[in-house]
Amino acid sequence: MKFFKTILFGILVSLSTQFTLAQKIKVKDNIAYVDEKPYVKVSDCGMFKEECSISNLEGKEIIFVNNLKDPRRPGTYFRVVFIGLNTTIEIKQTMKPLLETLYANKAIGEDGTLIPENVKILSEKYGNRISIKENED
């Protein structure tokens, strides 16, 4: 019985930690907010738009996003270009999860600039696997 209580306690602690670390991202009037605090500006990235961008709060474009067809299956993916860093990733997410990924990986600093070390880590995690598959055919 004690073993069961220990396991249950461990699960509850890990879940409560996960919920307290989660940040709530909301996009309103083309501004992404993290826990009600402005984070970045997002151009209109609707479903049928081929390209959009993410800018710092002053309006300087820091990330360019292409919405491309997935060569292997129905749907699209984002090619995300980090301006000035010669770095691109490909990711199958919509804009809100992409913003959550950028925030969780600390790709954008509080001053609205890209953090090269963290963008490099994102590049290592996601790379350009989707377009590579297109070229394999």
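Above this text you will find the structure in question.
Heads up: these notes are all about the structure in this document. (Residues numbered from 1 in each chain as written. Predicted model: local features only at pLDDT ≥ 70, side-chain atom pairs only at ≥ 80, totals over all residues. Heavy atoms only, no water.)

1. A look at the overall build of the protein
Counting its secondary structure elements, the protein contains 4 helices and 7 strands. The linear arrangement of helices and strands in the protein, starting from the amino end, is α-β-β-β-β-β-β-β-α-α-α. For the protein, the exposed area adds up to about 9,300 Å²; of that, 57% sits on carbon and sulfur atoms. (Helix = DSSP H or I, 4+ residues; strand = E, 2+ residues; numbered from the N terminus. Areas by Shrake-Rupley, 256 points an atom, 1.4 Å probe, with all protein chains shown as cover.)

2. Points about the pairing of strand β1 (residues 25-28)
Bridging between β1 and strand β2 (residues 31-34) involves 4 bridges; their strand directions are antiparallel. Residue lysine 28 lies in a different strand from β2, and its bridge partner there is isoleucine 31. Adjacent in sequence and paired antiparallel, β1 and β2 are bridged by 2 residues, among which aspartate 29 carries a positive phi angle near 55°. (Pairing = 2+ DSSP bridges.)

3. Quick notes on the pairing of β2
Every other side chain in a regular strand lies on the same face of the sheet, so the side chains alternate between the two faces. Only one face of β2 is buried, namely the one carrying Ala32 and Val34, since none of Ile31 and Tyr33 on the opposite face is buried. The antiparallel hairpin formed by β2 and strand β3 (residues 37-42) contains 2 residues in its connecting segment, where aspartate 35 sits at a positive phi of about 50°. (Buried < 20%, exposed > 50% of the residue type's maximum accessible area, 1.4 Å probe, protein only.)

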